[in-house]
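# Notes for the structure review
Read off the chains here:
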Amino acid sequence: MSNSVLSSIITSAEHGAEHGTSGIEWVIGGGTLAILVFALMALVWFAGGREHS
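Remember, predicted model here, so these are calculated numbers, not experimental data.

Moving on to the UniProt feature "transmembrane region" (unreviewed entry) in the protein chain. Per the UniProt annotation, the sites labelled "transmembrane region" (unreviewed entry) are residues 26-47. As annotated, residues 26-47 comprises 100% helix and 0% strand, and the C-alpha atoms at either end are separated by 31 Å.

See the structure below:
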C-alpha cells in the first residue's frame, strides 16, 4: 500500500472515532462487499466452462 492510501485509511478511522459512528455502517458496507464478491465469483465460475468466442 502506498503511504497516501494508508494515511487516508487512518484519517478515516480517526474521523469515525471522533464522531461516534455506529457499527451499522460497517455491517452495511461489509454485506454489500460480500454480495458483490459473491456475484463476481459466480460469474467467473459460470463463465469458466465456456469456450472463448
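Let us now look at a nonpolar patch on the surface. Taken together, the side chains of L33, V37, F38, L40, M41, L43, V44 and W45 present a nonpolar region at the surface, about 870 Å² in accessible area. You can see W45 is positioned in helix α2 (residues 24-48).

The end-to-end C-alpha distance of α2, which contains 25 residues, comes to 36 Å, matching closely the 36 Å that a straight helix rising 1.5 Å per residue would cover. Of all 25 residues in α2, 0 are buried; the element is thus mostly exposed.

Here is what the cut-offs are and how they apply
Residues numbered from 1 in each chain as written. Predicted model: local features only at pLDDT ≥ 70, side-chain atom pairs only at ≥ 80, totals over all residues. Heavy atoms only, no water. UniProt positions renumbered as here; feature names shortened; annotations may be inferred. Helix = DSSP H or I, 4+ residues; strand = E, 2+ residues; numbered from the N terminus. Patch = residues over 30% accessible without salt bridge, like charges linked within 9 Å, V, L, I, M, F, W, Y side chains within 5 Å. Areas by Shrake-Rupley, 256 points an atom, 1.4 Å probe, with all protein chains shown as cover. Salt bridge = Lys/Arg side-chain N within 4 Å of Asp/Glu carboxyl O. Expected span 1.5 Å × (residues − 1). Buried < 20%, exposed > 50% of the residue type's maximum accessible area, 1.4 Å probe, protein only.

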